[in-house]
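The chain contents come next:
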Amino acid sequence: QNKVTDSQKMQILSEQPFFVTWYESYKQNIDDIDRVWSRYNNNLNRFSQDDVSLRVLTENLIKNQADIISLQKKLATALPPQELSDTNYKLSYDVLEKTRSYLAAQSETITASVQLLQSPEFLNQPRDIQYKQLDNIRILKSPVNLNISPDISSIRDNLILPDLS
């Protein structure tokens, strides 16, 4: 049977509010990242359907690029709470590192799209070719996924007091 000492119980209870506060803030960052990425994809889709001009698409993607760079700067210095145990701190730090890598791939994709939009050769292409080139960037450079579930689950498991019955 898994016996928890009073000291371990106090450690778990003291970490919980720090993790909860950090995680709520982290989830807000994820929402912001998702919003920017959705806008990027929506802009490309609208361009493919002829709903926006090349000029508007360029303006919108430049705005996406600025937003993603702002998020990268915000997350570049983010750290988990020091009050977490070494194990939970490392897991939280790994979540941040995975998020930073994911964000870097998004930034690369958006930046490559903006660079393509600003190249003179691109501007002379028919619209369907322009879209195909942009879509190729999206497909080839986009991050696959952000898989932080195992890390978050481990932290949560570490912060739950075992059933003492």
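As the structure is a prediction and not an experimental result, all values here were calculated from the model.

A separate point is the overall build of the protein. Scanning the protein for helices and strands turns up six helices and zero strands. The linear arrangement of helices and strands in the protein, starting from the amino end, is α-α-α-α-α-α. Its C-alpha radius of gyration of 21 Å places the protein more than 25% over the 15 Å reference for a compact globule of 165 residues. Dimensions of the protein, computed from C-alpha atoms along their principal axes, come out at roughly 70 × 25 × 20 Å. Out of the 165 residues in the protein, the part that is buried amounts to 38%.

With that settled, consider the environment of Arg35. By secondary structure assignment, the location of Arg35 is in helix H1 (residues 6-48). You can call Arg35 partly exposed: its relative accessible area is 45%. Spatially, the C-alpha atoms of Arg35 and Asp67 are 9.9 Å apart, while their sequence positions differ by 32 residues.

Turning our attention to the pattern of salt bridges. Going through the model one piece at a time under the given rule, you end up with ten salt bridges. Across the pair Arg39 and Asp67 runs a salt bridge whose closest N-O atoms are separated by 2.2 Å. Here Arg39 is found in helix H1, whereas its partner Asp67 is found in helix H2 (residues 54-76), with 28 residues between them in sequence. Among the residues examined, Asp67 registers a relative accessible area of 18% and is labelled buried. Between Glu97 and Arg100 there is a salt bridge; the shortest N-O distance is 2.8 Å. Here Glu97 and its partner Arg100 are both found in helix H3 (residues 86-117), three residues apart, which amounts to about one turn of the helix. A relative accessible area of 33% means that Glu97 is categorised as partly exposed. One salt-bridge network, held together by shared partners, links Arg39, Lys63 and Asp67.

Thresholds, definitions, all that
- Residues numbered from 1 in each chain as written.
- Predicted model: local features only at pLDDT ≥ 70, side-chain atom pairs only at ≥ 80, totals over all residues.
- Heavy atoms only, no water.
- Helix = DSSP H or I, 4+ residues; strand = E, 2+ residues; numbered from the N terminus.
- Rg over C-alpha atoms; globule rule 2.2 N^0.38 Å.
- Buried < 20%, exposed > 50% of the residue type's maximum accessible area, 1.4 Å probe, protein only.
- Salt bridge = Lys/Arg side-chain N within 4 Å of Asp/Glu carboxyl O.

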